[in-house]
Amino acid sequence: MSENISKYEIIKNKIEEQISQGFYKENDKIPSENELCRAFASSRITVRKALDELVTTGVLYRQQGIGTFVKPKTVEVSADVDKVLLILPNYPELFAAGIVSDMLSGIQKSLRETQYTLVTLMEPRNEADIEKFLQSIKTIRPNGIIYSFYYGDSMIVDELKKFEVPIVFLDAEPKDNEFDIVTGEDFESAYRVTQLAIMSGMKNVGFYSSWNQDFSTCSARKNGIKKALEDSRIPIREGQLLLRNTESEFHESVTKYDIVTDIKEYLQKNDYLDVLIVMNDTVAFAAYKAASELRKDIPTDLKLISYGNYNWSSFPTIGLTTFEQHFFKYGKEAVKLLLKRMSGTSSMIQQRRIIKYDLQRRKSF
């Protein structure tokens, strides 16, 4: 076996091999994550990464609270078949975190009893890929579109409007959005947790996001913190609530700069902070490293709060306080909205579904 193959790829390849050899058949339940950890002498995060990739590529599917199963083989989708198109985010961290697979499971579960076939398409990475992306949609001819984790390219939205099919945004939305959306209580949750910090005697609350104001959830969380501080008459210093502005394209802005160094600079400029709220658990992981390099201990010197409740967030060595966002529910609600639009039974007024978040309080706060 090649030493260049990572452990998660070994696990993924072995499961695919067992399926192709008939050891696991369509709709068979595969071993649990804990069983796979023991079988491969591997960590749970590695096993979960292998399973997430197999779910995303359509080899497996999940049923919440039951387990992971072999997905039946699909035939080539005819243009005459009723289809729902899911536009997937083109940034790996959401796949690795399990967020996309949770959302996908919710969508698949809700579509299972309908006549619609789910087709997925990856969001274009840059302007050069947009034309190919739009041509793919023309070929697919969807009856409706779910656009997940939209990030600030109004050109794509303008082009999607020309297809004249219902669109539901999931999580984030364009500026002045006119379409239905399923999103979370980003403003409200940020407001609540900031008030919790203030009532606990921690008045200096900061916010750091590696994504800028074009990502609507970033702005909502920043504004929730800002409102809570203002309501408590706590002054806000310049740079305390930071959405990282960049003129580079989104995918470059989150992959081609040193986020740990950037957070270190932020913490040095805001060394008075009691609490740091960050955009998501990936950023939180970088914040741990940045704080460590500055000899700041979390939670002794700085409390840390995040969003996502990613696979590794509950590990005892990390103990990250973070919001569970329930992306399985996002997927289910997005399908409900889209089915109503496609059937013509929905109100002409834009529909918004807000998913409530649950704070998973652990040792970082």
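Residues numbered from 1 in each chain as written. Predicted model: local features only at pLDDT ≥ 70, side-chain atom pairs only at ≥ 80, totals over all residues. Heavy atoms only, no water.

1. Examining the sheet that holds strand S11 (residues 303-307)
Working definition: the strands of a sheet are paired by backbone hydrogen bonds and lie parallel or antiparallel to each other.
Consideration 1: With mixed pairing, six strands are arranged side by side in an open sheet as S9-S8-S10-S11-S12-S14. Strands at the two margins of the open sheet, each flanked by one partner only, are strand S9 (241-243) and strand S14 (358-360). Geometrically, the sheet is characterised by an average inter-axis angle of 20° between neighbouring strands, direction not taken into account.
Consideration 2: One ladder, built from four bridges, connects strand S8 (residues 205-209) with strand S10 (residues 275-278); its direction is parallel. By the bridge assignment for S10, Tyr208 is matched with Val278.
Consideration 3: Contacts from helix H11 (residues 259-269) reach S8, S9 and S10, with the element oriented near 155° to S8. (Pairing = 2+ DSSP bridges. Helix = DSSP H or I, 4+ residues; strand = E, 2+ residues; numbered from the N terminus. Axes fitted to C-alpha atoms, helices over the stretch in contact; angles between N-to-C directions. Contact = heavy atoms within 4.5 Å.)

2. A closer look at the packing of aromatic side chains
Centre-to-centre distance and the angle between the planes together describe a pair of aromatic rings.
Consideration 1: On inspection of all chains with the given rule, the structure shows 14 aromatic pairs.
Consideration 2: On the numbers, 6.5 Å between centres and 20° between planes, the contact of Phe187 with Tyr191 is stacked. Residue Phe187 and its partner Tyr191 are both found in helix H8 (residues 186-199); the two are separated by four residues, about one turn of the helix.
Consideration 3: What makes Tyr191 partly exposed here is its relative accessible area of 22%.
Consideration 4: Residues Phe285 and Trp312 carry aromatic rings whose centres are separated by 5.3 Å and whose planes lie at 70° to one another, so their mutual orientation is edge-to-face. Of this pair, Phe285 sits in helix H12 (residues 281-293) while Trp312 sits in the loop between S11 and strand S12 (321-324); the two residues are 27 residues apart in sequence, bridging distant segments of the chain. (Phe/Tyr/Trp six-rings, centres within 6.5 Å; stacked < 30°, edge-to-face > 60°. Buried < 20%, exposed > 50% of the residue type's maximum accessible area, 1.4 Å probe, protein only.)

3. Remarks on the pattern of salt bridges
Consideration 1: If you walk through the whole model with that rule in mind, you get 19 salt bridges.
Consideration 2: A salt bridge links Arg44 to Glu33, with the nearest nitrogen and oxygen atoms 2.8 Å apart. Within this pair, whereas Arg44 is found in helix H3 (residues 44-56), its partner Glu33 is found in helix H2 (residues 33-40), the two being separated by eleven residues in sequence.
Consideration 3: Between Arg341 and Asp180 there is a salt bridge, and its shortest N-O distance comes to 2.6 Å. Linking Arg341 in helix H13 (residues 327-343) with Asp180 in strand S7 (residues 180-184), this pair joins segments that are 161 residues apart in sequence.
Consideration 4: For Arg341, a relative accessible area of 22% gives the class partly exposed.
Consideration 5: Through salt bridges with shared partners, a single ionic network connects Glu33, Arg44, Arg48, Asp52, Arg62 and Asp102. (Salt bridge = Lys/Arg side-chain N within 4 Å of Asp/Glu carboxyl O.)

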